[in-house]
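Architecture and fold: a report
Okay, here's what each chain looks like letter by letter:
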Amino acid sequence: MLALHRLAGNRFLLSFLLAFFLIYSIAVFYLYHACHRDPSSVFWQPEKALQLSYSAFRKEQARRFTDQAERFEQVKWDNSTAPQLCIGIGSVSRHGFSYLRETLGSLLEGLDDLERRRIYITVFHAHTNQSQHEDSGAMWLHNIADSLPAYPSDDQLIDTIRALESDKSYSAHARKQKIDYSVLLGECAKVRPAYTLTLEDDVIALDGWYHRTLFALQTTVRKTRELGSDHFLYLRIFYDSRLLGWNSEEWPYYLCYSLLVIVGNLTLALSLRRYLPAARQAITVELVVVICGICTPMAILLFFAAGRSCMIPKQQGVNLMQMYGCCGQGLVIPQRQITDRLLPLFRDTQDSRAAVDTFLEDYANENDELRWAITPSLIQHVGGKSSHGVGDQANGRITSDMPFNYDFERNDPVQLAQEHLAYIDELERHFGNTSSRYI
């Protein structure tokens, strides 16, 4: 009561507190709108954050592209030279749902012929009876893909896969997935690309993903050499925003930094009182207590409540991501890694404990492999109905418990199209005006 009485009698201190709470309220209002896409924020609004805005735009473009591919064969890889990139997509039936058409359409829509001829695309319907897949035999797929492989003609292997297909357990899924990846990686290895991009069949690519990937790979190679290494495991072109929040195992760091802020404010205030006599009258002991005991802790709490991605967004460009890199939607892997290590690993392993993404991370941790990621992400995960029994199996809706990159939906289609057009103009100046125009 005595403290409240003294506070009421100190007009300056009361005015300071009122001003602080006004500014604090404005900050809360601003962060409520600015941080609604951050799943680690108390202001997160999943009904808004999960809306497919840019992805919906790209889906429509993808449908128009594949509608055209239904009638005409599209430009494919120019087999006179090894491709710069092999894209391997494994796809299984989702019992009435298929995202494959939109995935491939978004990858190819807008690509100039020069770009497309440097890419090899293989699509693997991962069934012993491929007619089970919704897109099996589709003309648009035949006119788009460079190859449509099947399982090897090995009776023992086919019997194993059939047994795994009939077993709906997670361990069976994990085991079969590695066999499927060995087929995809082996198919890409046949054309000897510089890099292989493994994609899941339920993603949407942004306009200009290809040239951004090439530039990111140049940066990745340079940064890898700067770290004293001559190889890296992969470049991630998608990561899950849900895993980039405040991590519980890092709480000692958060506590330490918070205490440093409070101690810093206290040290500054006491130093001003001691060394600037003119400030002593304004910076009273009561004011110091209010600043360090009320205002600073409230500001720190708001900082953490706003969410990590909102307050400390990832630096754009290529950065190491040795932890929290989920999931396997899009990984660009140097071909040397595939030929020397990953392809034999996937072919020989009997592991049924972990799915491919976890299996690959375990391998990377055991071998101290460098893993890079590009920000912003170049693809989005849109598959609400999983291929192995999770997610919204009934309606295929996007839900908050599935991998999702919330910043992807903020892409500006006009800006991306202009950037892509500028790159194509540069290509044409370099190779000559021999390709069709990008529209």
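Going by the structure above, here's the rest.
Cut-offs used in this document
Residues numbered from 1 in each chain as written. Predicted model: local features only at pLDDT ≥ 70, side-chain atom pairs only at ≥ 80, totals over all residues. Heavy atoms only, no water. Patch = residues over 30% accessible without salt bridge, like charges linked within 9 Å, V, L, I, M, F, W, Y side chains within 5 Å. Areas by Shrake-Rupley, 256 points an atom, 1.4 Å probe, with all protein chains shown as cover. Salt bridge = Lys/Arg side-chain N within 4 Å of Asp/Glu carboxyl O. Helix = DSSP H or I, 4+ residues; strand = E, 2+ residues; numbered from the N terminus. Axes fitted to C-alpha atoms, helices over the stretch in contact; angles between N-to-C directions. Parallel < 35°, antiparallel > 145°, perpendicular 65-115°, else oblique. Left-handed = near helix turned anticlockwise from the far one by under 90°. Contact = heavy atoms within 4.5 Å. Nonpolar A, V, L, I, M, F, W, Y, C, P; charged D, E, K, R; others polar. Phe/Tyr/Trp six-rings, centres within 6.5 Å; stacked < 30°, edge-to-face > 60°. Buried < 20%, exposed > 50% of the residue type's maximum accessible area, 1.4 Å probe, protein only. Lys NZ or Arg CZ within 6 Å of the ring centre and 35° of its normal. Disulfide = S-S within 2.5 Å.

Taken together, the side chains of Trp251, Leu255 and Leu259 make up a nonpolar region of the molecular surface, amounting to roughly 330 Å² of accessible area. On the secondary structure map, Leu255 appears in helix α11 (residues 251-275).

Here we take up the packing of α11 against helix α13 (residues 285-306). Where α11 meets α13, the axes come as close as 10 Å, and the angle between the chain directions of the two elements is 155°. Relative to α13, the element α11 is oriented roughly antiparallel. You can see that α11 and α13 cross each other, and the crossing is right-handed. Contact with α11, carried on its side by Tyr254, Ser258, Val261, Ile262, Asn265, Leu266, Ala269 and Arg273, involves Val285, Val288, Cys292, Thr296, Pro297, Ile300 and Phe304 of α13 and no other residues of that element. Grouping the constituent residues of the contact of α11 with α13 by class yields eleven nonpolar, three polar and one charged.

With that settled, the discussion passes to the environment of Tyr32. Here Tyr32 shows up in helix α2 (residues 11-34). For the pair Tyr32 and Gln45, spaced 13 residues apart in sequence, the C-alpha separation works out to 9.1 Å.

Tallied over the entire structure, the rule returns 19 aromatic pairs. An angle of 70° between the planes, with centres 5.6 Å apart, marks the rings of Trp209 and Tyr210 as edge-to-face. Both residues of the pair, Trp209 and Tyr210, belong to the buried class. Across the ring face of Phe359, the terminal group of Lys178 is positioned such that the distance to the ring centre comes to 5.0 Å. Lying over the aromatic face of Tyr239, Lys314 brings its terminal NZ or CZ to 5.9 Å of the ring centre.

With that settled, the discussion passes to the pattern of salt bridges. The full count for this structure, using the stated rule, is 24 salt bridges. Note that Glu187 and Lys190 form a salt bridge whose closest N and O atoms lie 3.1 Å from each other. A salt bridge links Arg242 to Asp240; the nearest nitrogen and oxygen atoms lie 2.6 Å apart. Overlapping salt bridges bring together Lys59, Glu60, Arg63, Arg64 and Glu102 as one network.

Below, the discussion takes up the state of the cysteines. Applying the stated criterion to the full structure yields three disulfides. What pairs with Cys35 in a disulfide is Cys310, and their sulfur atoms sit 2.0 Å apart. Residues Cys35 and Cys310 are joined through a disulfide that is left-handed, its torsion about the S-S bond being -65°. Linking Cys35 in the loop between α2 and α3 (46-49) with Cys310 in helix α14 (residues 308-311), this pair joins segments that are 275 residues apart in sequence. Given the relative accessible area of 1%, Cys35 is considered buried. Looking at Cys310, the relative accessible area reads 23%, which means it is partly exposed. With a sulfur-sulfur separation of 1.9 Å, Cys86 is cross-linked through a disulfide to Cys188.

Remember, this is a structural readout, not a statement about activity or role.
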